[in-house]
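Topology and contacts: notes
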Amino acid sequence: MRVLLLILTMLLTLGAVDAFAPSLAIADPIPAQAVNKPTRVNITKRSPHSDKIESKDTGMALLFWGFAAATLGGALFVVTRRNLIAAVMGMVGCFLGISAVYMMLYASFLSVIQMLVYAGAIMVLFVFVVMILNRPEDEPVAPTGRAGQAIGGLAIVYLVGRLIFMLMKVQPPNPLTAVQAPAPIELPGDILNTTEKVDWGSVKAVGWDLFGPGLFVFEAISILLLIAVVGAIAVARPLHEDQNNAGEPRDIPRDEAATNAEAAHSGGHA
Amino acid sequence: MSDILFNVGYGHFLVLAALLFLIGTAGVLIRRNALIILMSVELMLNAANMTLLTFSRMWGDISGHTFALIVIAVAAAEAAVGLAIVVAVFRGRRNVDVDRLTTLRH
Amino acid sequence: MDYSTLKFLGLPVLAWIPLLPLLGAFINLTLGRRLSKATIHTIAIAAVAGACGLSMWLVFGELWKAFKAGQGGVGIAQNVYTWIEVGNLKVELAFRLDTLSAVMIMIITFVGTLIHIYSTGYMAKDPRYAAYFGYLNLFTGAMLILVLAANLPVMFIGWEGVGLCSFLLIGFWYEREDYATAGRKAFIVNRIGDFAFLLGMFLLFWATKTLDFAQLKGTAVGAAYVQPFWGGERLAAAAAICLFIGACGKSAQLPLFTWLPDAMAGPTPVSALIHAATMVTAGVYMVCRLSFLFSASTTAMIVVATVGLLTALAAAFMAFAQTDLKKVLAYSTVSQLGFMFVAAGTGNWVAAIFHLGTHAFFKACLFLGAGSVMHGMEHGGSKTPGDITTMGGLRKHMPITRITFMISCLAIAGIFPFAGFFSKDEILAGAWGVHPPGWPLWYGKFLWGGLLIAALGTAFYMWRLYFLVFSGNERSEEAKHAHESPASMTMPLVILALLATLAGLLGFPHLTGIKLPSFTHALSSWLAPSVTPTWWNPGADGVNPGELIAGHASDPTILGLAAVALFIGALGIGMAWALYGRGPSAAVNRLVDGPLAGAYEASKAKLWFDEIYDALIVKPFKIFASGLYTVVDKLIIDTIAVNGAAVVVGLFSRMSRWFQNGQVQRYLAGLVVGAALVFFVTDWHQDPSFKYEIVGDRLKLTAEPGEGLLGATTKLRWDIDGDGVPDADASGKPYEAPQVFVLLGDTRTRVTLFIDDPITRKTKKVTRVLHVPTVVDPASGDGTPVVKEGT
């Protein structure tokens, strides 16, 4: 039953996305003539982000609020569920929402990467570990230390308020470009003295930046990943031969050769 | 009010990222299960990513995307190692409750 | 040869007189435990004998010459070094040997030597032999400093020193609680007197800016003595009375005498030296030394004389019922000191010193004799050797002691020709003949009568003592086994008894009719240059002293008074013989249980002085002290300050410990809280900015200087035309309001808001590029201003 509901929701979401697809397209920039002609422009700005544009953006708003709700809902799941698997599932939902939000920010490459790496790989890892630790129950919130929790909670609420307040005042450098799709990036083309325009946030654009100015970072991150892999293996290995991954003793079929070899070894030492 | 609701601007993304970050922080502070703590840390990292991408869009600078990619890679590495440690600890103590994983005398 | 500059080993020769005993004390007290008994007492006796020899050499040599030349009052003055020099105050460590101090040092060193010799026998079996002799030498040195001092501070050094040694020696056997308490009592009561001494010293310095005796005696300073001070009294009265109270403490007068009877807890030679011959006479010496001061105030002298008389009578009364041998002698000392003070109070300085000398001899002899008796009784096995009720009949066992004791008792009773007769007679004659300007005319006779009664009492109780100890039959087994003391103890007794017999020859009264050999007036003529026998009376001629204090009586008066004194003495002896001649008789018991019961009780209880002091002074003081202890010491200092500091530290540590408990989550929580705090705090200096909007045809500029307190108190100024200078409107008023209305055409694109921060005194400028139209197109025509976007 729950599975059906989940599938239904996903279909609806996709449909909504489809319905409002035109608004995701690159909106045309304001025609140049508009600059010369006196236009009735309401320049009363009550907040920096309230510029009205021609294109419909109520769809955008709906999408945003929906996926934001998914993100935050998933995050709250993680933080409040007692059941580890439920928490993991909440996390996955959160990542879905985040991926969609990335798409709204014209970060297409990263949106896909987010799904692949985070929801695909990291969450699977988490699920594996949850399987190993088959201890589901614990109090979500510690019963002791209420004073500390209260103070911390208060601090967090305050930070939320302050951050929101501050962030709502952030101004883009050029408000007119805020509502448009970002300009394409000009990359040096295959032939000399030509430039190639690639979409902003696309694979090519990110790739150009990663392997260009960010080459050192790329190499460094690869070393980091190597270290992480080695470290994870080293740490997670069972200590003794007769322990499995969960730390429970396991039977090792002993064969005669190994036993004799051992005896000879220890006899030689003594 | 309606313009905040209907006109999605950069602030909305930033606020969403901030909320996500704070939920992650709350999770780290409040929960006792080590796995949940790790997941909350992932939440915080994602929030940071979102902020990065928002500002990258705002200033038109593509290197924000690169940065976010690196952050994802680092988060993955960290999750791997962290989970390995949790497994190792669980092996020894049969317990991943951080309140009980203390050898410091109270 | 000018002896004033005579030095030995770098120090003036006078300084060596007290220095020798002090050196002996130093050696004995530091190294004494390793030395043998013989070495110890040899060092001690040599020190005192050396001081004796040196003083004799100086006195009979140089001082004699000076006396002959008429400079006896000046004598030899030597300065060791300048001790204090602060502002007006200049005090030198100076010594002066004039005729008065010469008498004193002879007595001190000679009697001291004898007592040191006596102590070798008396303290032979004491384990702290070296300490005893060390203290004894220390005392002698301090006393010599006191006597040889040329100014009041140096005298005070000696004054305190003898007080200290008195404490050390009285409580010598400190293992017994009551002996140690007696030592403390002596010191504390002395201290009260010392405080008065200091007050007198301060008063004198304040009035005369000097503390040196020679300068204080001078006529230049004397004018200060007659300045009115308080009420109708002269300054001299106040200073002299303060100093006299100090003397009361030291010389055991009323009301500060309670320590002397208890001081008998010390070894008997100590009692002989300190409480008979030397320390208690320091007060008398001081009064005589300051005779010029006392002669300036009749009030002071009447106080001195009255206190002396009352003491003499009271002490004599208390001695009647005592049963401890040494206690009787102690009260006798107090009484005789009263005599001396009466003499001083009547201006008869010579008589006071004379009696001081003779008293030293016979009282020392009495004390040493008592020591000898107690020594013998201890040998006989007595546990309370001083209890006279267990004695009796000792004349058979201790003949030498008995003879010397008897001679001294005759002397103290004032029987011719022993020394006491002459000295006591001098005092009585002087009291009879005194006629001071401010006294009631009959007061001299009154003093004479009182002293006569006291003399009667003296004779009575001393001979009661003699008879109870030596006459009759032995009243206990221990008395039967008593025996004579060794020669080291009887030798000094004999010498002192001899002195008690012969010393009177130096002080015959001045009889105009009979020609007496000159040596009989030796003492008075010797002392005359050093004391002031006349009233200080700046009369019409300014500074000349007035008449004699005590008039010179005629020969028949003198002889008549002497006869009366002799008769009284004999009467006392007779009464004692009647009641105690062969031991306590039945008559005594009848009297004591019958008509004299109340008096007997009062006498035995020492007139309840100790009990009164205990209730009035000691108990309130103890309550106060215990109150201070509980409140200030235990509560405020211990609990609140010391423990409280620890509690506060513990509190803070408990609070910090909550924070650092090893859990990462706790640390992260701190991090979050810290971040929130940082946000909170930096909030107040949020970056300012301003808003603008078009209202009608005007531009409305609204300043946002920042959150918090700053917003209300900052000063704002606007620069509209982009030149960097704050502007004013058309009428000349500067733009300073948070909200400013400007005509659209008046602005450039860059508008600057100047914010003057009142706290940091800095001016912040916020410049914004306004996207406002600068051109109004009149072509639209519907009345609403249609504007064009400009940059």
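Quick look at the structure, then.

Rules used throughout
Residues numbered from 1 in each chain as written. Chains lettered and ligands numbered in written order. Predicted model: local features only at pLDDT ≥ 70, side-chain atom pairs only at ≥ 80, totals over all residues. Heavy atoms only, no water. Helix = DSSP H or I, 4+ residues; strand = E, 2+ residues; numbered from the N terminus. Buried < 20%, exposed > 50% of the residue type's maximum accessible area, 1.4 Å probe, protein only. Areas by Shrake-Rupley, 256 points an atom, 1.4 Å probe, with all protein chains shown as cover. Contact = heavy atoms within 4.5 Å. Expected span 1.5 Å × (residues − 1). Polar contact = N/O pair within 3.5 Å; in protein donor to acceptor, adjacent residues only side chain to side chain. Phe/Tyr/Trp six-rings, centres within 6.5 Å; stacked < 30°, edge-to-face > 60°. Lys NZ or Arg CZ within 6 Å of the ring centre and 35° of its normal. Buried area = accessible area lost by both parts, 1.4 Å probe. Nonpolar A, V, L, I, M, F, W, Y, C, P; charged D, E, K, R; others polar. Pairing = 2+ DSSP bridges. Axes fitted to C-alpha atoms, helices over the stretch in contact; angles between N-to-C directions. Core = buried A, V, L, I, M, F, W, Y, C linked by side-chain atoms within 4.5 Å.

1. Looking at the overall build of chain B
Looking only at helices and strands, chain B features 4 helices and 0 strands. Each helix (α) and strand (β) of chain B, taken in turn from the N terminus, gives the series α-α-α-α. Taken over 106 residues, chain B has a buried fraction of 62%. For chain B, the computed accessible surface area is about 3800 Å², with 69% contributed by carbon and sulfur atoms.

2. So, the overall build of chain A
Of regular secondary structure, chain A possesses 11 helices and 2 strands. Sequence-ordered secondary structure for chain A, helices as α and strands as β, is α-α-α-α-α-α-α-α-β-β-α-α-α. Here chain A holds 270 residues, and the buried ones make up 30% of them. Across chain A, contacts joining residues at least 24 apart in sequence account for 48% of those joining residues at least 6 apart.

3. A look at helix α3 (residues 34-59) of chain B
All names here are of chain B. Given a rise of 1.5 Å per residue, 26 residues ought to cover 38 Å, and the 38 Å separating the end C-alpha atoms of α3 matches this to within 8%. In this structure Asn33 caps α3, since a side-chain oxygen of it lies 3.1 Å from the backbone nitrogen of Leu35. Positive backbone phi, at 75°, marks Gly60, one or two positions downstream of α3.

4. What to know about the packing of aromatic side chains
Describing an aromatic ring pair means giving the distance of the ring centres and the angle of the ring planes. For the structure on display, the rule yields 38 aromatic pairs over all chains. Taking the centre distance of 5.5 Å and the plane angle of 70° together, the rings of C:Tyr132 and C:Phe172 count as edge-to-face. Here the residue C:Tyr132 occupies a position in helix α4 (residues 129-148), and C:Phe172 occupies one in the loop between α5 (152-170) and α6 (177-208), the gap between them amounting to 40 residues. Relative to C:Phe609, the ring of C:Phe257 lies with its centre 4.9 Å away and its plane at 75°, an arrangement referred to as edge-to-face. Taken together, the residues C:Phe257 in the loop between α9 (235-251) and α10 (259-262) and C:Phe609 in helix α26 (residues 609-659) connect sequence positions 352 residues apart. C:Phe257 gets classed as buried once you look at its relative accessible area, which sits at 3%. Grouped by ring-pair contacts, the aromatic residues C:Tyr129, C:Tyr132, C:Phe133, C:Tyr135, C:Phe172, C:Trp173 and C:Tyr179 constitute a single cluster. Between the NZ or CZ atom of A:Arg81 and the centre of the ring of A:Phe77, over which it lies, the distance is 5.3 Å. Of note, C:Lys445 hangs over the ring of C:Trp432, and the distance from its end group to the ring centre comes to 5.0 Å.

5. A look at the environment of C:Cys409
Residue and element names in this part refer to chain C. The topology assignment puts Cys409 in helix α17 (residues 399-413). A relative accessible area of 0% means that Cys409 is categorised as buried. Residues in contact with Cys409, not counting those within four places in the same chain, are Leu366, Met462, Trp463 and Tyr466.

6. Things to note about the interface of chain A and chain B
With 96 residues of chain A at the contact, the number on the chain B side is 75 residues. It is A:Leu105, A:Phe126 and A:Trp200 in chain A that bury the most area against chain B; as a group they hold 9% of the surface buried on that side. Counting every contact that joins chain A to chain B gives 8 residue pairs in polar contact (both at pLDDT 80 or more). Listing elements by their share of the side of chain A that touches chain B, those giving two or more residues are α4 (58-80), α5 (84-104), α6 (108-132), α7 (146-167), α8 (175-178), α9 (203-211) and α10 (215-236) of chain A. Here the side of chain A that touches chain B takes 13 residues from α4(A), the largest share from any one element. Broken down by class, the residue content of the side of chain A that touches chain B amounts to 69 nonpolar, 16 polar and 11 charged.

7. Details of the sheet that holds strand β8 (residues 698-704) of chain C
Residues and elements named next belong to chain C. With respect to topology, 3 strands assemble into an open sheet ordered β7-β8-β10, the strand pairing being antiparallel. Looking at strand neighbours, the two that pair on one side only are β7 (689-695) and β10 (739-743), the edges of this open sheet. Between one strand and the next, the sheet's axes are offset by a mean angle of 25°, whatever the strand orientation. Two elements, β7 and β8, share 7 bridges in a ladder whose sense is antiparallel. Bridge assignment links Phe690 to a residue of β8, and that residue is Ala703.

8. Overview of the pairing of β8(C)
A regular strand places its side chains so that they alternate between the two faces of the sheet. All names here are of chain C. Summarising burial for β8: 5 of the 7 residues are buried, a large majority. Looking at chain direction, β8 and β10 are connected through 5 bridges and run antiparallel. Pairing of Leu701 across the sheet is with Val740, part of β10.

9. Some details on the nonpolar core
In terms of nonpolar packing, the biggest core is built from 218 residues, with C:Leu97, C:Leu293, C:Phe294 and C:Leu394 touching the most fellow members. Per element, the largest residue contribution to this core is 19 residues, and it comes from helix α16 (residues 349-379) of chain C. Residues contacting C:Leu394, with those up to four places away along its chain left out, are C:Val373, C:Met377, C:Val469, C:Phe470, C:Ala479 and C:Ala482. A:Met104, A:Val206, B:Leu20 and B:Ala34 belong to the second largest nonpolar core, which has 63 residues in total.

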